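Chain residues, written in single-letter form:
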Amino acid sequence: MIKRLIPLLLVISIVACQTAIKKERITGRITDSAMVVSAHPLASRAGSEILQKGGNAIDAAIATQLVLAVVHPSAGNVGGGGFMVVRLNDGSAYTLDYRETAPSGATTNMYLGETGEVIKGLSETGHLASGVPGTVAGLAEAHKKFGKLPWKELVQPAIDLAMDGFILTEHEAEGLNYIQEDLEKFNSILPNHLMNAWKAGDSIRHTDLGYALERIRDNGRAGFYEGKTADLIVEEMKRGNGLITHEDLQAYQAIWREPITGEYKNYKIISMPPPSSGGIALIQLLKSVEPYPIQEWGWNTAPTVHLMTEAERRVYADRAAYLGDPDFFEVPVDKITHPVYIEERMKTFDPQKATPSRDIKEGVLQPGESSQTTHLSVIDQYGNAVAVTTTLNDGYGSRVVVAGAGFILNDEMDDFSMKPGVPNMYGAIGGEANKIMPGKRMLSSMTPTIVEKDGHLLMVVGTPGGTTIITSVFQTILNVLEHNMTMQEAVTAKRFHSQWIPDTIQPEFGALLKDDSLQLIRYGHTFESRSSIGRVDAILVLANGKLEGGADPRGDDAADGF
Ligand code: GLY
């Protein structure tokens, strides 16, 4: 009897053991019909409350972004710009460009010294670093076209938090402490509401910002681009030799643009066209890897990482040569996203060997034709979806706080190419397509994206991170579509980045197993590790119609909804 039991016990113990090592699926917050995921729990809450009042995804995105301007001032903003991708429940898609523009006084060589060298830091901090802000014009325009609730109701949650105060998280306290010296250096009138040795749990109020938000609540776009706030911005510029004028502010316009779309297997990608490089690059990347069995190769194995890196090299070389503001430079969108062009680009891909970046140039066209940004994803109870990525560029932008208005201005001018071949703060280089010209929008990597499967809404996704935005969105999408991850797993999974120049793979700690790293070194790759890449916030529509939020654990990010 005992003898007969031994094999059975063995089988039971093996099964028990396998059950024990079977990986637990980690899911994010699940809701029935509506969700907001953003970089701060108070912002996600505000957006969710707007949805509960009957507002739609556009309303919620507006309220969420304005609350981020108060509670997450390193990236949430009224002094910056952004992009919004909208997919309505009838399947129609729209993209809104509220990217900053170069002031009318800007010149191509404004950051070069007498001998033609780039003056370090001039495009990154201080008054000259700022482009004309686009956020308020963008949000007002989005509301005019799609808003359901009154504008005032959407601005009020941000005003309440600015005026009444809120509790700092550890991330936010650390961020503010990190910029104290710069705040002293770049502000002749010190922004007292930001100056302190902050600790998690401290309460903070932004009264000047609250009054500026009240002017926006009461007068819409005119409450920022005209009147008292405009006067305060121009005075601030005069104090620090900045360039933004009343005329620049009045002339600023947000622009509806044709979304960039592409196919990956039976999925449709809807993303941001130029002046973002994000949508084009994402579609190029997905098309480049589509013919290869990456599901079989597995997540972050040597063959998968090698393929993705080689695709990224080629795509970022194209980015440097061909992408800029389409109103100033003819961007060959159709050519560089054409499947035949992408196939041609990948012909030099060697599965066993890295191609040195110095051997990669932009593709040949056929004749004829702090890194800190923040992202939010929304799906409403009516089936509409919104992806917004918004930025001051670097964390806390130019570090210039508009005295009397309490908000920080962007340092988006650094996203222009200062000089052909000279890298910006993200190591990105550029040339003619992205040179500085008055009124021009600087090239962006922001990639707010919506994915459809078989014509139905599947995912809303995006992240901050400068040039790593594109590769983070790329990986998050593949994590779900190819590696069968839940939304939360896809967001949490360790990432790596590569971008042609510098010629390295930059993994987060733990992104690659030792054997895969060694194999990649044998292929000819080199590594430069990074502490953290991006803060992806995403929503997945599950097979049962419920929503799963993926809120990035790298920050305070949170999902909220019902
Ligand atoms: N400032 C980051 C980006 O727009 O790509």
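Residues numbered from 1 in each chain as written. Predicted model: local features only at pLDDT ≥ 70, side-chain atom pairs only at ≥ 80, totals over all residues. Heavy atoms only, no water.

(A) Representation of the packing of aromatic side chains. For the structure on display, the rule yields seven aromatic pairs. Consider the rings of Y225 and Y252, whose centres lie 6.0 Å apart with planes at 10°: the pair is stacked. Separated by 27 residues along the polypeptide, Y225 in helix α9 (residues 222-225) and Y252 in the loop between α11 (246-251) and β7 (255-257) bring together distant segments of the chain. The exposure class assigned to Y225 is buried, which follows from its relative accessible area of 1%. Three or more aromatic residues joined by ring pairs form one cluster here, namely F224, Y225, Y252 and F407. (Phe/Tyr/Trp six-rings, centres within 6.5 Å; stacked < 30°, edge-to-face > 60°. Helix = DSSP H or I, 4+ residues; strand = E, 2+ residues; numbered from the N terminus. Buried < 20%, exposed > 50% of the residue type's maximum accessible area, 1.4 Å probe, protein only.)

(B) Fine view of the sheet that holds strand β18 (residues 558-561). The seven strands are arranged β7-β4-β3-β11-β10-β2-β18 in an open sheet whose pairing can be described as antiparallel. If you trace the sheet from one side to the other, it starts and ends with β7 and β18, each paired once. Going from strand to strand, the sheet's axes swing by 15° on average, the running direction of each strand aside. The pairing of strand β3 (residues 81-87) with strand β11 (residues 385-393) spans seven bridges and is antiparallel. Each residue of the ladder has a partner; that of G81, found in β11, is T391. Across the sheet, helix α3 (residues 57-71) is in contact with β2 (35-38), β3, β4 (93-98), β10 (372-379) and β11; its angle to β10 comes to roughly 150°. Sheet strands touched by helix α4 (residues 135-146): β3, β4, β7 and β11. Its angle to β4, the strand with the most contacts, is close to 155°. (Pairing = 2+ DSSP bridges. Axes fitted to C-alpha atoms, helices over the stretch in contact; angles between N-to-C directions. Contact = heavy atoms within 4.5 Å.)

(C) Summary view of the side chain of E100. Residue placement: E100 occurs in the loop between β4 and α4. We classify E100 as buried; its relative accessible area is 0%.

(D) How the structure looks around the pattern of salt bridges. In the structure shown here, the tally under the stated rule is 31 salt bridges. The partner of E344 in a salt bridge is K347, and the shortest N-O contact between them spans 3.2 Å. By relative accessible area, which is 56% here, K347 ends up exposed. One connected set of salt bridges, linked through shared partners, spans D97, R257, D327 and R441. (Salt bridge = Lys/Arg side-chain N within 4 Å of Asp/Glu carboxyl O.)

(E) Structural view of the nonpolar core. Among the nonpolar cores identified, the biggest contains 80 residues, and V70, V78, M84, L213, V378, V386 and F407 are the most heavily contacted of them. Take this core: its biggest share by element is twelve residues, from α3. What L213 contacts, discounting residues up to four positions off in sequence, is L66, V70, V78, V155, A158, I159 and A162. Of all hydrophobic cores here, the second largest spans 77 residues; its members include M272, L323, L458 and V473. (Core = buried A, V, L, I, M, F, W, Y, C linked by side-chain atoms within 4.5 Å.)

(F) Broad picture of the confidence of the model for the protein chain. Per-residue confidence for the protein chain averages 94 on the pLDDT scale, and 95% of its residues sit at or above 70. Predicted confidence for residues 1-21 stays below pLDDT 50, and this span has zero contacts to residues more than four positions away or in other chains. (pLDDT = per-residue confidence, 0-100.)

(G) Main features of the sheet that holds strand β12 (residues 449-453). Reading across the sheet, the seven strands line up as β1-β17-β16-β13-β12-β9-β8 and stay open at both edges, with antiparallel pairing between neighbours. Of all strands in the sheet, those with a lone pairing partner are β1 (30-31) and β8 (260-264), marking the two edges. Across five bridges, β12 lies against strand β13 (residues 456-461) in antiparallel orientation. Among the inter-strand pairings, I450 is bridged to a residue of β13, identified as V460. Together, β8, β9 (267-271) and β12 form the strand contacts of helix α12 (residues 278-289), whose direction differs from that of β8 by roughly 15°. Packed onto the sheet, helix α17 (residues 468-481) meets β8, β9, β12, β13 and β16 (537-541) and runs at close to 135° relative to β13.

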